[in-house]
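Take a look at the letters that make up each chain.
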Amino acid sequence: MGLRLYDTRRRAVRDFTPRIPGMASIYLCGPTVVVPPHIGQIRSQVNFDILHRWLRHSGYRVIFCRNVTDIEDKIIGRSLSEGIQWWRITDPVHRSFDRAYTALGCLPPSVEPRATGHIPEMIELVEQLLAAGHAYESDGDVYFEVDSFPDYGALSRQRPDKIRVTEENEHGKRDPRDFALWKRAKSGEPIWHAPWGDGRPGWHLECSAMARKYLGHEFDIHGGGANLIFPHHENELAQSRAAGDSFARFWVHNGPVTHRGEKIRKHARNPLAVHTLLDRVRPMELRYYLSAAHYRSPMEFSPEAVEEAATAYRRMERFVLRVGTAPGSELPAQFSAAMDGDLNLPQALSVVHATVTEGQAALNHGDQESAAGKCRSVRAMLNVLGLDPLADDRPRETRLHDVARAVLRVVRNLAAAEGDRERSMIMERQIDRALKNRRESALIP
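Residues numbered from 1 in each chain as written. Predicted model: local features only at pLDDT ≥ 70, side-chain atom pairs only at ≥ 80, totals over all residues. Heavy atoms only, no water.

Peer 1: Hey, could you run me through the packing of aromatic side chains in this one?
Peer 2: Pairs of aromatic rings are described using the distance from one ring centre to the other and the angle between the two planes. Across all of its chains, the model carries 14 aromatic pairs by this definition. Ring centres 5.6 Å apart and planes at 55 degrees place the aromatic pair F16 and F250 in the tilted group. Placement of the pair is F16 in the loop between β2 (12-15) and β3 (23-28) and F250 in strand β10 (residues 247-254), with a sequence separation of 234 residues. Just as F16 is buried, F250 falls in that class too. Ring-pair connections join several aromatic residues into one group, and the members of that group are Y27, F219, F247 and W251. Between R296 and the ring centre of Y6, over which it is positioned, the NZ or CZ distance is 4.1 Å. (Phe/Tyr/Trp six-rings, centres within 6.5 Å; stacked < 30°, edge-to-face > 60°. Helix = DSSP H or I, 4+ residues; strand = E, 2+ residues; numbered from the N terminus. Buried < 20%, exposed > 50% of the residue type's maximum accessible area, 1.4 Å probe, protein only. Lys NZ or Arg CZ within 6 Å of the ring centre and 35° of its normal.)

Below you can see the structure in the form of structure tokens.
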């Protein structure tokens with residue numbers, strides 16, 4: 001059957017048909033590097049990492065472009081309020097995102113362009129829009145004229161006369177709905193030279209220019225969080241199409257993560273920051289938590305939900321560590337069908353857990369051969385999801401856990417040599433209890 005994905009623009013699940021056979025191109029809206037990542041931001045990266053992995057497993061060569069927004073209103077606002085250069089904010093925050101991606105086992109992108117490295121491409125795009133009559137200059141600012149693009153609102157399913165205004169009605173705008181492509185120079189802000197005056201690019205312009213630069217005038221998948229559908233992705237789509245680009249064939253969005261029913265805000269001392277959570281839960285357990293819901297579903301964060309996910313992951317992990325066979329080359333048909341069905345992770349993980357249960361039953365009956373076969377299947381599935389505890393490229397975890405894994409391997413081997421399976425199981429439970437006790441402190445108040 002092949003992969004089917006939900007296309008936000010068409011509001012339907014469609015067969016994935018890449019522009020170039022055998023090759024898949026993805027543009028993912030990456031971080032605005034103003035503060036270190038929180039769990040809501042990292043969910044998007046984990047979800048699209050699984051899509052990346054599944055496309056590769058399905059035989060596609062993947063070009064994966066994930067941008068870095070390193071110049072934007074929030075960054076400039078923090079720079080001015082703290083009295084430090086903008087780059088002294090963006091560089092360390094960018095590194096904190098990289099550490100989070102690595103910790104959670106996300107594959108590196110093919111290219112990771114920074115907005116500030118692509119100002120010439122942005123200026124070129126603005127010049128095209130001005131020449132085509134889709135943009136206008138006003139005292140050094142340049143705006144996209146929404147009325148010039150009849151399909152505006154198609155992605156977010158809004159009627160043009162009902163579109164909510166998301167930017168201030170700054171002096172010089174012809175219509176409150178028009179959005180900034182270029183912002184004229186202001187005191188204390190970074191500036192670049194442009195034909196219509198010094199200033200800096202608007203946020204929406206940045207992604208259109210970088211997507212065109214690395215993926216061409218048409219590419220396969222544009223991804224990001226559902227919060228970006230309007231205005232960011234709506235504006236990207238409008239300006240790119242107005243400039244003559246076909247742009248994205250599929251628009252794919254992941255659901256939000258909320259805490260106590262509210263959006264998780266970006267601020268420097270966020271208790272839901274990834275580095276804070278990783279002090280209390282192992283990286284693969286957090287990745288499993290973020291993977292367990294359907295990517296389009298909203299998630300309500302709670303410490304109890306994270307602990308339930310950790311328990312579920314440890315059950316799979318114990319089985320894999322106990323048997324320890326190499327991963328197989330074939331995936332169960334039900335697992336593949338779930339992944340092809342719009343990345344139905346809950347259904348796919350149910351296949352993993354069912355296979356673990358069968359493997360444990362085989363072990364309990366002394367059927368080592370059947371258990372080994374189930375372990376090969378489990379590891380094949382977990383490899384696709386980036387969750388295999390024995391993968392060579394697994395994230396580096398805590399020293400305590402690494403020691404526990406080594407001890408468990410020794411105990412398992414000794415018990416197998418002496419035929420004392422019961423002693424091995426007792427030791428496994430003791431090690432698991434020690435790891436669990438280490439995390440007994442509450443995750444989040």
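Once the structure has been displayed, the description carries forward.
Peer 1: Got a minute to help me understand the sheet that holds strand β11 (residues 257-259) in this structure?
Peer 2: Neighbouring strands of a sheet are bound in pairs by backbone hydrogen bonds; such pairs are parallel or else antiparallel. Taken together, 3 strands build an open sheet; the order of strands is β12-β11-β13 and the sheet is mixed. Both edges of this open sheet fall to β12 (262-263) and β13 (299-301), since each of them pairs with a single strand only. (Pairing = 2+ DSSP bridges.)

Peer 1: Please clarify how the environment of E167 should be interpreted in this entry.
Peer 2: You can see E167 is positioned in the loop between β6 (141-144) and β7 (179-184). Residue E167 is classed as partly exposed on the basis of its relative accessible area of 21%. As a C-alpha pair, E167 and R177 span 10 residues in sequence and 7.7 Å in three-dimensional space. Not counting residues within four places of it along the chain, the set of residues in contact with E167 comprises K173, P176, D178, F179, A180 and H204. (Contact = heavy atoms within 4.5 Å.)

Peer 1: Please clarify how the pattern of salt bridges should be interpreted in this entry.
Peer 2: If charged atoms from side chains of opposite charge come close, those side chains can pair. Per the stated rule, a full pass over the model turns up 28 salt bridges. The closest approach of N and O atoms between R10 and D7, which form a salt bridge, is 3.0 Å. For R10, a relative accessible area of 42% translates into the label partly exposed. Between E358 and K374 there is a salt bridge, with the nearest N and O atoms lying 2.8 Å from each other. With E358 in helix α11 (residues 345-364) and K374 in helix α12 (residues 368-385), the pair connects residues that are 16 residues apart, well separated along the chain. (Salt bridge = Lys/Arg side-chain N within 4 Å of Asp/Glu carboxyl O.)

Peer 1: Explain unusual backbone geometry to me, please; I cannot follow it from the model alone.
Peer 2: Both trends apply: most residues other than glycine have a negative phi, and most peptide bonds are in trans. P231 follows F230 through a cis peptide bond whose omega is 5 degrees. In this structure, L343 is a non-glycine residue whose phi angle is positive, near 50 degrees. Summarising the element assignment, L343 is placed in the loop between α10 (333-340) and α11.

Peer 1: What exactly am I supposed to notice about the environment of L104 here?
Peer 2: When you line up the elements, L104 lands in the loop between α3 (86-103) and α4 (119-131). Residue L104 is classed as buried on the basis of its relative accessible area of 0%. Put simply, L104 and Y288 are 184 residues apart on the chain and 9.4 Å apart in space, counted from C-alpha to C-alpha.

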